[in-house]
Amino acid sequence: MLILGIETTCDETGVALVEDGRRIIVNRVASQIPLHERFGGVVPEIASRAHVEVITRELEGALAQAGYPADAYPPPVEGIAVSSRPGLVGSLLVGVTAAKSLSWAWDVPLIGVDHVDAHIYSAVMMAENENTGTLREEAEAFPAISMVVSGGHTSLYSSRGWTEHELLGSTTDDAVGEAFDKAAAILGLGYPGGPEISRVAESGDPNAVKFKKSLMDSKSLDFSFSGIKTAVLYHVKGQNARRGAPILPDVCIPDVAASFEETVVSVLIEKLQRAMSREGIRRAIVGGGVAANKRLRRRLREFADEKGYEILYPPPELCTDNGAMIAGLGYWLLRSGNRDDLALDVDPVSAR
Ligand code: KG4
Ligand code: ZN
């Protein structure tokens, strides 16, 4: 069953074709990074305009890549899945409008997908550390503790099914990807900051700077990342310095980047461990842009080996926003009888 997946929640226009929820035929992602780079973050109006500009090209391009040029429409697509929540409202509207139009024109079922659920699904869809070659059924993937770590989310869930995620804890201030982006800006590194910090950190000493791990109280499953961002600022620019101040001459950027990354990754692992032992669940699923982080992936592997846990996370290219995870989850939703009609609306905030 071939599903077309459309993703426009934030600053990537993703279009994918996925067979039976797992086999990726095409996965195109048009990034808007160059447009937002000089602002140091995503500008919503620019994002939605850019989606409008490229969505038709990306749809046609993905379908042509799969062997379905425009003069052979309708393509043999049996469902159109689109991320309809949560995200930037203007950006969401572009993807949802495109999906509705195609659903109507080709008379194909429409299915609205939750973007956060899809990040979780991406780890089961293509777990890098798994070579079974077959897709797990829902009962073989759950129960699990899910951790979504991205630019917009840092959340832990007790998961019982593809869309059954009970929130256990989440960030009380910045999302973890946001912390990477802000720390990178303080260090004078490029945007988005996650991959930049990661690259620079490779030559640094992760124990050089002792940043405080913010664990909240001893039982909490919530996160806080605003403190470490300020600690990085004061460490590199001086106590009570402003963001625009120059970096002190004796600062070793790779050491600071590596120490920041080490501290943040330790917090994520510790909270995941807390959630798993509290819920008595031995399987974890980790998704979202920050799951592409090499140090986090290494620590997850070590943690799983040490405890005998099963931890699933996607290959790096499926961690950041993409249409394949939307098409993949859309397949299961459709198969289990879910579908939307043209009244499908966008929802900027998630229901949970
Ligand atoms: O999942 P995603 O593409 O978008 C949201 O749903 O938010 O995540 C983007 C976030 C950005 O904050 C980016 O800096 C971060 O993921 N990120 C990384 C890495 N690659 C992307 N953070 C740390 N290490 C990376 N390698
Ligand atoms: Zn995302």
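Heads up: the structure comes first, above all this text.
Note that the structure is predicted; figures quoted are calculated from it, not measured.

Basis of the calculations
Residues numbered from 1 in each chain as written. Chains lettered and ligands numbered in written order. Predicted model: local features only at pLDDT ≥ 70, side-chain atom pairs only at ≥ 80, totals over all residues. Heavy atoms only, no water. Helix = DSSP H or I, 4+ residues; strand = E, 2+ residues; numbered from the N terminus. Rg over C-alpha atoms; globule rule 2.2 N^0.38 Å. Buried < 20%, exposed > 50% of the residue type's maximum accessible area, 1.4 Å probe, protein only. Areas by Shrake-Rupley, 256 points an atom, 1.4 Å probe, with all protein chains shown as cover. Lys, Arg positive; Asp, Glu negative; His and termini not counted. Charge placed at Lys NZ, Arg CZ, Asp CG, Glu CD. Donors = N, O, S within 2.8 Å, 3.2 Å for Na, K, Ca; no water. Near = heavy atom within 4 Å. Polar contact = N/O pair within 3.5 Å; in protein donor to acceptor, adjacent residues only side chain to side chain. Nonpolar A, V, L, I, M, F, W, Y, C, P; charged D, E, K, R; others polar.

A. Structural view of the overall build of the protein. Broken down by element type, the protein carries 12 helices and 10 strands. By the compact-globule yardstick of 20 Å for 352 residues, the protein fits well, its C-alpha radius of gyration being 20 Å. Over its C-alpha atoms, taken along the principal directions, the protein stretches across nearly 65 × 45 × 30 Å. Considering the protein as a whole, with its 352 residues, one finds that 55% of them fall into the buried category. Only carbon and sulfur atoms are counted for the fraction: they give 50% of the accessible area of the protein, which is about 14800 Å². Of the charged side chains in the protein, 35 are positive and 47 negative; the average position of the first set lies 6 Å away from that of the second.

B. Structural context of the coordination of the zinc ion (ligand 2). Taken together, the protein ligands of the zinc ion (ligand 2) are H115 (NE2), H119 (NE2) and D321 (OD), with distances of 2.0 to 2.1 Å. Going along the chain, you hit the donors of the zinc ion (ligand 2) in the pattern H-x3-H-x201-D. Taken together, the residues H115 and H119, both in helix α4 (residues 115–125) and four residues apart, mark about one turn of the helix. The exposure classification of H115 matches that of H119, with both residues buried.

C. Structural view of the site of ligand 1. The full set close to ligand 1 counts 19 residues, and G151, D181, G194, G289 and N293 are the nearest of them. Separating an oxygen atom of ligand 1 from a backbone N or O atom of G152 is a distance of 3.1 Å. Between a nitrogen atom of ligand 1 and a side-chain N or O atom of N293, the distance comes to 3.0 Å. In the complex, the protein chains occlude 89% of the 560 Å² of accessible area that ligand 1 would expose alone. If you list the elements that add at least two residues to the shell around ligand 1, you get α4, α6 (176–186) and α7 (193–201). Grouping the constituent residues of the shell around ligand 1 by class yields six nonpolar, 11 polar and two charged.

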